[in-house]
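Inside the fold
For reference, the chains in residue letters:
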Amino acid sequence: MTVLSNADQTFTSQWQNFVTHLECSQTGETYPAHELHGLSKTGKPLLVRYDLAALGAAMAREDLTTRPGGMWRYSELLPLRSAENLISLGEIETPLIELGSNDGTVLVKDESRLPTGSFKARGLAMAVSMAKELGVTRMAMPTNGNAGAALAAYGQRAGIETFVFCPDDTPEINVREIALQGAQVWRVNGLIHHCGRLVGEGKTAMNWFDTSTLKEPYRIEGKKTMGLELAEQLGWQLPDVIFYPTGGGTGLIGMWKAFAELAELGWLENDKMPRMVAVQATGCAPIVKAFDDGATHAEEWLDAHTVAAGIRVPVAIGDFLILAALRESGGFAIAVEDSDIQAAQRDVAHSDGLLMGPEGAATYAAYVQALDRGLVNRDDRAVLFNCGTALKYPMPAADRSLDRHGNIDFTKLGN
Ligand SMILES: *Cc1c(COP(=O)(O)O)cnc(C)c1O
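Small disclaimer: the values here were computed from a predicted structure and weren't measured.

Calculation criteria
- Residues numbered from 1 in each chain as written.
- Predicted model: local features only at pLDDT ≥ 70, side-chain atom pairs only at ≥ 80, totals over all residues.
- Heavy atoms only, no water.
- Helix = DSSP H or I, 4+ residues; strand = E, 2+ residues; numbered from the N terminus.
- Rg over C-alpha atoms; globule rule 2.2 N^0.38 Å.
- Contact = heavy atoms within 4.5 Å.
- Lys, Arg positive; Asp, Glu negative; His and termini not counted.
- Charge placed at Lys NZ, Arg CZ, Asp CG, Glu CD.
- Buried < 20%, exposed > 50% of the residue type's maximum accessible area, 1.4 Å probe, protein only.
- 1 Å grid on protein atoms, 1.4 Å probe; cavity = no way out; pocket = protein on both sides within 12 Å on 5 of 7 lines; lining within 4 Å.
- Points joined across faces, edges and corners; volume = space filled by probe spheres on them.
- Nonpolar A, V, L, I, M, F, W, Y, C, P; charged D, E, K, R; others polar.
- Domains from an automatic or database assignment.
- Buried area = accessible area lost by both parts, 1.4 Å probe.
- Near = heavy atom within 4 Å.
- Polar contact = N/O pair within 3.5 Å; in protein donor to acceptor, adjacent residues only side chain to side chain.
- Areas by Shrake-Rupley, 256 points an atom, 1.4 Å probe, with all protein chains shown as cover.
- Phe/Tyr/Trp six-rings, centres within 6.5 Å; stacked < 30°, edge-to-face > 60°.
- Lys NZ or Arg CZ within 6 Å of the ring centre and 35° of its normal.
- Axes fitted to C-alpha atoms, helices over the stretch in contact; angles between N-to-C directions.
- Parallel < 35°, antiparallel > 145°, perpendicular 65-115°, else oblique.
- Left-handed = near helix turned anticlockwise from the far one by under 90°.
- Core = buried A, V, L, I, M, F, W, Y, C linked by side-chain atoms within 4.5 Å.
- Salt bridge = Lys/Arg side-chain N within 4 Å of Asp/Glu carboxyl O.

This part covers the overall build of the protein chain. When its secondary structure is counted, the protein chain shows 12 helices and 13 strands. In terms of C-alpha radius of gyration, the protein chain reaches 21 Å, essentially the compact-globule figure of 22 Å for 415 residues. The dimensions of the protein chain, computed from C-alpha atoms along their principal axes, are 70 × 55 × 50 Å. Restricting to contacts in the protein chain with at least 6 residues of sequence separation, those with at least 24 account for 71%. Across the protein chain, 36 positive and 51 negative side-chain charges occur, with their mean positions spaced 3 Å apart.

The buried count for helix H10 (residues 319–328) comes to seven of 10 residues, which makes it a mostly enclosed element. Residues Asp 319, Phe 320, Leu 321, Ile 322, Leu 323, Ala 325 and Leu 326 constitute the buried set of H10. One or two steps after H10, the chain reaches Gly 330, where phi turns positive at roughly 75°.

For the largest pocket, the calculated volume is near 630 Å³. The wall of the largest pocket is formed by 37 residues, among which Ile 192, Thr 213, Gly 248, Val 313 and Val 315 lie closest to the centre. Element by element, the count of residues in the lining of the largest pocket is highest for helix H5 (residues 192–201), at four residues. Per-class residue counts for the lining of the largest pocket are 13 nonpolar, 17 polar and seven charged. Domain assignment of the residues forming the lining of the largest pocket places at least three in each of domain 1 (120–210) and domain 2 (220–391). Roughly 490 Å³ of volume is contained in the second largest pocket. In terms of lining, the second largest pocket is formed by 22 residues, of which the most central are Gln 342, Gln 345, Tyr 393, Pro 394 and Met 395. It is helix H11 (residues 338–352) that contributes the most residues to the lining of the second largest pocket, six residues altogether. Looking at the lining of the second largest pocket residue by residue, the class counts come to 12 nonpolar, seven polar and three charged. Residues lining the lining of the second largest pocket come from more than one domain, with at least three contributed by each of domain 1 (120–210) and domain 2 (220–391).

Right, let's talk about the domain arrangement of the protein chain for a bit. Splitting the protein chain by domain gives domain 1 (120–210) and domain 2 (220–391). Centre-to-centre separation of domain 1 and domain 2, based on C-alpha positions: 24 Å. Between domain 1 and domain 2, the contact holds 12 residues from the first and 15 residues from the second. Across the interface of domain 1 and domain 2, roughly 1,200 Å² is buried in total on both sides, 54% from carbon and sulfur atoms.

Right, let's talk about the site of the ligand for a bit. Near the ligand there are 17 residues, and of these Lys 120, Lys 223, Tyr 244, Gly 247 and Gly 249 occur at the shortest range. Separating an oxygen atom of the ligand from a side-chain N or O atom of Asn 146 is a distance of 2.9 Å. A distance of 2.5 Å separates an oxygen atom of the ligand from a polar side-chain atom of Tyr 244. Isolated, the ligand exposes 380 Å² of accessible area, and the fraction of that covered by the protein chains is 96%. Residue assignment for the shell around the ligand shows that the elements contributing at least two residues are strand E10 (241–245) and helix H8 (250–265). Tallied by class, residues from the shell around the ligand come to five nonpolar, nine polar and three charged.

Under the definition given, this model contains seven aromatic pairs. Members of the aromatic cluster, connected to one another through ring pairs, are Phe 119, Tyr 244 and Phe 385. Residue placement shows Lys 223 over the ring face of Phe 119; its charged tip is 3.9 Å from the ring centre.

A few words on the packing of helix H2 (residues 120–133) against helix H7 (residues 219–233). The N-to-C vectors of H2 and H7 enclose an angle of 130°; their axes lie 6 Å apart at closest approach. Between H2 and H7, the angle falls in the class oblique. Remark: the crossing between H2 and H7 carries right-handed chirality. Of the residues in H7, those touching H2 at Lys 120, Arg 122, Gly 123, Leu 124, Met 126 and Ala 127 are Arg 219, Glu 221, Gly 222, Lys 223, Thr 225, Met 226 and Glu 229.

Turning next to the nonpolar core. The biggest cluster of nonpolar side chains holds 121 residues, and the ones touching the most others in it are Trp 72, Leu 124, Val 128, Phe 243, Leu 326 and Phe 385. A domain-level breakdown of this core finds at least three residues from each of domain 1 (120–210) and domain 2 (220–391). When near neighbours in sequence (up to four residues on either side) are disregarded, Leu 124 contacts Ser 129, Met 141, Ala 147, Ala 150, Leu 151, Tyr 154, Thr 211 and Arg 219. Within the second largest apolar cluster, seven residues are counted, among which are Ala 140, Val 188, Cys 195 and Trp 208.

This brings us to the pattern of salt bridges. Summed over all chains, the structure comprises 22 salt bridges. One salt bridge connects Arg 176 with Glu 172, and the closest N-O pair in it is separated by 2.7 Å. One end of the pair, Arg 176, and the other, Glu 172, are both in helix H4 (residues 172–180), four residues apart, so they sit about a helical turn from each other. In this structure, Lys 257 engages Glu 221 in a salt bridge whose closest nitrogen and oxygen atoms are separated by 2.8 Å. Of this pair, Lys 257 sits in helix H8 while Glu 221 sits in helix H7, and the two are 36 residues apart along the sequence. In this structure, Lys 257 and Glu 221 share a single accessibility class: buried. When salt bridges with common partners are traced through the structure, they connect Lys 109, Glu 111, Arg 122 and Glu 229 into a single cluster.

Spelled out as C-alpha cells, the structure:
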C-alpha cells in the first residue's frame, strides 16, 4: 500500500537533481537554478535546462520500470531538489483510451483522472512543490477555473496562502471548488488576461508570487510530464500527430520540450517527432490566426467567447513558443465551432462511453475536420488530449420524468 503524506518518502531513494540553469526562451540569457524567478529580463518565459549527458550516464530509461506510476517517476527530469518538498495528491499515470468507432487510429489521453479533475494538477503540483522548496508563502494566479482549483488544492496542502482571480462567467463549480479548497477566490468582470493584470498590480501590496501561466518556470516542467508519460506508454515511439486544446499553451510547449529532452537522451526508439496541432475555438483563436498569417507572435483576440472555458485565452505570453513548436514539428493550428465541440462531446460519449470536457471534445472535432481537409491521414496514429473532466461544466438538459402513480408504457422508454 502506498500512503501519500507530505514530505513523501516514496521517491526519496531515486532523487537526483540535474538542473544546470534557467534560460530566457527568447534571448538564451542564463539565470541561476534553485532561486525564485518570474519572467526573464526581457519579459519572456524562463525554461529549465538540465545536464542531460550526466543524467543519461546516471540512469537508463529501464530504471523507470520499477517506480510507481505518475509524473514523479521522472524526477531526474524535474527541477525539485529534495523529495521532502514534494506536494502530492496522487498524480497517477493517465490512461490512453482508444476510440473504437472512428475510422482513424485515435487515442485519447484522459487527463481528467488527475487530482482536481484536470491536467492543471501536473503543473501546479510541480510549481507548488518548487514554491515550497524556495520559501514562498503566498501565491496568486488568474484562471479560467482548473488552474485555480489545482493551485488551491496543492497550495493549501503545502501550507501556502493562495489568491485566485477568475472571469465572472467561469464555470460555477470551478469557483466553488476553489473556495471550498481554501483559496481566496474573486470573480472579476473581465477575461483571464484582465485577471492576470490584477495579479501583477497586487504584487507590491500583497507580496504574492505570480503563478500565472509561463510567468514562472516550473508549471511547464510539470506539464512536460504528459510528453514523457506518453512516450513511455507508447514504448518510446511518439505518435504521428498530437491534438492539444491550446489556451496558454503550457502543455504543448512542455511536451515539445519533453520530446527534445528524450531525443537528446537517446531514449526514443526512432527520431520521428509528432506533428503538434494547436486546437482552439473559433470564438477565441489567436494562435490559429497567427499561424495562418505566418506571424511569429499572436495578437490579442477581442470579444473572446467559447463554451470551452479552458481555452478562452485571448493573450498568451508563450505565443511565440507555441507557434515555433507547431512549425518545427510540421504541425498546424485549427479552430472549431462551439456547435462542433458540443456535437463531438455527444458523439464520443454515445459511441465510446467517454465523456470528454469541452476542450477535449474540441480536439476530437478538430481531428474530424483535419481528416476532412486532408491535414492528417486515417492511418496516422493520433493522440487527443482530454485535459479536464466534463463534470465541472453545464451539460445539455435531461428533464424527462415519470409519474410512478400513472400508467407507464415501458415499451416507449427507449424513444
Ligand atoms: C488550462 C486548460 C487547457 C489549456 O491548457 P494550456 O496548456 O494552458 O494551453 C485546456 N483544457 C483544459 C480543461 C484546461 O483546464
